Amino acid sequence: MTTVAAYAAPAAKAPLERTTIERREVREHDVLIDIKFAGICHSDIHQVQEGWGEAIFPMVPGHEIAGVVSEVGPGVTKFAVGDRVGVGCMVDSCRECENCKAGREQYCTGGNVMTYNGIGKDGEPTYGGYSEKVVVDENFVLGIPEGISLDEAAPLLCAGITTYSPLRRWNAGPGKKVAVVGLGGLGHMAVKLAHALGAEVTVLSQSLRKKDDGLKLGADHYYATSDPATFEELAGSFDLIVSTVSAPLDLGAYLGLLKTEGTLANVGAPEEPVSLNLFALLGGGKSLSGSMIGGIAETQEMLDFCAEHGIGAEIELIAASEVNEAYERVQASDVRYRFVIDTATI
Ligand SMILES: NC(=O)c1ccc[n+]([C@@H]2O[C@H](COP(=O)([O-])OP(=O)(O)OC[C@H]3O[C@@H](n4cnc5c(N)ncnc54)[C@H](O)[C@@H]3O)[C@@H](O)[C@H]2O)c1
Ligand SMILES: [Zn+2]
């Protein structure tokens, strides 16, 4: 075991504080990673607050991890010491179910292991990226291509893949009109990725406050959802809407913005249920779909796509001691567009 410094929430809703945790010895197929940067995802906040249900404490959040390999187990073939690598939301899966075999480890039915707030195959709780080092099986480690700086790469491991996956699944590309609801961590990645895929991109944000940013990120149009005229003007406009909103949303109103047989792909994970009049789906044969992160191979594909298109996250780098303040700012929609912890400050 190796003792490493980390930032943890000691109990539900408690502020995070500096502590130490144990990392396992490097096993046959393990990679030891010196973590350089860790992104702050809104999911970290939902889980620290037990907004999704009972959680495991102390909790070291962080599933947007970028760092450098400092040791490899004897059986490791994919990585070498010095490689620039990332870890996302999963650190293991059953590897045997239909979904694992198809590269959809995020939908593993045999029980996958989340990067934190999970229980590893060794029966020990998992601890995430707000820490100095992590030990991960090589099959759940991603290569970060040259050309993306590690700090701007970290958020790709969750915000990047979570938006890339539904954009690809629903064929965002030339000739397609794609709307992105919510311009936060996930939303700003959705805009960059949909633009790079060749789609015509519209941001649907609560206000026009971030309009200039949205257009610079690659959006072609920008509308305020607080203005009822938006829903009249844009009725029947989009092939695909990706909702990244962290709070309950009036899905019926957004379904009205889809073309016939269009799809609303939701990736937001609000703590409260939403209700929907199903007639919003019937008229126009519309689809409501969900999506959770992406598989390991698809995550590597996304990182390579980002490198090819010069895409990284827009980040605000913070010291670990600023994490509680950053949580408050994320909840107040005051982030442009992802907080990333410099783990050298832990
Ligand atoms: N499906 C997945 O695999 C997955 C992965 C990561 C995060 N998430 C979830 O996605 C959500 C977003 O995560 P994030 O890290 O981007 O959060 P974030 O706080 O950075 O962004 C959320 C955005 O939604 C905006 N918003 C809130 N209410 C709105 C409304 N009514 N209309 C329009 N915009 C509104 C906020 O202003 C903010 O810009 C969270 O619930 C998170 O847990 C899901
Ligand atoms: Zn996340």
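Bear in mind that the values here come from a model prediction, so they are computed numbers and not experimental data.

Caption draft 1: Structural view of the site of ligand 1. Neighbouring residues of ligand 1: 27 residues in total, closest His42, Leu186, Ile293, Ser333 and Arg338. Measuring from an oxygen atom of ligand 1, one finds a backbone N or O atom of isoleucine 293 at 2.8 Å. Within the contact set of ligand 1, an oxygen atom lies 2.6 Å away from a side-chain nitrogen or oxygen of arginine 338. Protein burial of ligand 1: of its 860 Å² of free accessible surface, 91% is covered by the chains. Among the elements of the structure, helix 1 (42-48) and helix 5 (185-196) are those that each provide at least two residues to the shell around ligand 1. Take the shell around ligand 1: its biggest share by element is three residues, from helix 1. Taken domain by domain, the shell around ligand 1 gets at least three of its residues from each of domain 1 (2-143 + 314-345) and domain 2 (159-290).

Caption draft 2: Layout of the coordination of the zinc ion (ligand 2). Around the zinc ion (ligand 2), the protein supplies Cys41 (SG), His63 (NE2) and Cys158 (SG) as donor atoms, at distances of 2.0 to 2.2 Å. On the accessibility criterion, histidine 63 (7% relative accessible area) is buried. According to the relative accessible area criterion, cysteine 158 is buried, its value standing at 4%.

Caption draft 3: Expanded view of the UniProt feature "domain: Enoyl reductase (ER)" (unreviewed entry) in the protein. This chain's UniProt record puts "domain: Enoyl reductase (ER)" (unreviewed entry) on residues 14-341. Span residues 14-341 is 25% helix and 26% strand, its end C-alpha atoms 19 Å apart.

Caption draft 4: View of the domain arrangement of the protein. If you check the domain split of the protein, you get domain 1 (2-143 + 314-345) and domain 2 (159-290). Of note, the centres of domain 1 and domain 2, computed from C-alpha atoms alone, are 28 Å apart. Taken residue by residue, the interface counts 10 residues in domain 1 and 15 residues in domain 2. With both sides pooled, the region where domain 1 packs onto domain 2 buries about 1,200 Å², and carbon together with sulfur makes up 43% of that total. It is Glu314, Arg336 and Tyr337 that lose the most area in domain 1 upon contact with domain 2, and together they represent 44% of the buried surface on that side.

Caption draft 5: Up close: unusual backbone geometry. Following phenylalanine 57, the chain continues into proline 58 via a peptide bond in cis, with omega recorded as 0°. Here proline 58 lies in the loop between helix 1 and strand 4 (65-72). Backbone torsion omega between arginine 336 and tyrosine 337 reads -10°, so that peptide bond is classified as cis. With respect to the element layout, tyrosine 337 can be found in the loop between helix 11 (323-331) and strand 17 (338-342). Positive phi, close to 70°, is recorded for lysine 13, a residue that is not glycine. Here lysine 13 lies in the loop between strand 1 (2-8) and strand 2 (17-23). Residue arginine 95 is not a glycine yet carries a positive backbone phi of 70°. For arginine 95, the location among the structural elements is in the loop between strand 6 (90-92) and helix 2 (98-101). For arginine 95, a relative accessible area of 32% gives the class partly exposed.

Caption draft 6: Molecular detail of the confidence of the model for the protein. For the protein, per-residue confidence averages 98 on the pLDDT scale, and residues scoring 70 or more make up 100% of the total. Confidence estimates for the predicted assembly give a pTM of 0.98 and an ipTM of 0.98.

Caption draft 7: Seen up close, the side chain of threonine 263. Along the chain, threonine 263 turns up in strand 14 (residues 258-266). For threonine 263, a relative accessible area of 6% gives the class buried.

Caption draft 8: Examining helix 11 more closely. Within helix 11, the full set of buried residues consists of Val323, Ala326, Tyr327 and Val330. The arc that holds every buried residue of helix 11, seen down its axis, measures 105°, which confines them to one face. For helix 11, the secondary structure elements touched by its buried residues are strand 1, helix 1, strand 16 (315-319) and strand 17. Once helix 11 ends, the next one or two residues include serine 333, with phi positive near 55°.

Caption draft 9: Summary view of the pairing of strand 16. Two elements, strand 16 and strand 17, share five bridges in a ladder whose sense is parallel. Across the sheet, residue glutamate 316 finds its bridge partner in strand 17, namely phenylalanine 339. Remark: the strand 16/helix 11/strand 17 crossover connection has right-handed handedness.

Caption draft 10: How the structure looks around the packing of aromatic side chains. One pass over the structure, following the stated rule, counts two aromatic pairs. Between tyrosine 164 and phenylalanine 305, the aromatic rings sit 5.6 Å apart at their centres with planes inclined by 50°, giving tilted as the arrangement. Of this pair, tyrosine 164 sits in helix 4 (residues 159-169) while phenylalanine 305 sits in helix 10 (residues 296-308), and the two are 141 residues apart along the sequence. A single burial state applies to tyrosine 164 and to phenylalanine 305, both of which are buried. When the ring of phenylalanine 231 is compared with that of tyrosine 254, the centres are 5.3 Å apart and the planes differ by 80°; the resulting orientation is edge-to-face. Taken together, the positions of phenylalanine 231 in helix 7 (residues 228-233) and tyrosine 254 in helix 8 (residues 251-255) put the pair 23 residues apart, joining distant regions of the chain. Judged by its relative accessible area of 21%, phenylalanine 231 falls in the partly exposed class.

What counts and how
- Residues numbered from 1 in each chain as written.
- Chains lettered and ligands numbered in written order.
- Predicted model: local features only at pLDDT ≥ 70, side-chain atom pairs only at ≥ 80, totals over all residues.
- Heavy atoms only, no water.
- Near = heavy atom within 4 Å.
- Polar contact = N/O pair within 3.5 Å; in protein donor to acceptor, adjacent residues only side chain to side chain.
- Areas by Shrake-Rupley, 256 points an atom, 1.4 Å probe, with all protein chains shown as cover.
- Helix = DSSP H or I, 4+ residues; strand = E, 2+ residues; numbered from the N terminus.
- Domains from an automatic or database assignment.
- Donors = N, O, S within 2.8 Å, 3.2 Å for Na, K, Ca; no water.
- Buried < 20%, exposed > 50% of the residue type's maximum accessible area, 1.4 Å probe, protein only.
- UniProt positions renumbered as here; feature names shortened; annotations may be inferred.
- Contact = heavy atoms within 4.5 Å.
- Buried area = accessible area lost by both parts, 1.4 Å probe.
- pLDDT = per-residue confidence, 0-100.
- Arc of directions from axis to C-beta.
- Pairing = 2+ DSSP bridges.
- Right-handed = clockwise from strand over helix to strand, strands pointing away.
- Phe/Tyr/Trp six-rings, centres within 6.5 Å; stacked < 30°, edge-to-face > 60°.

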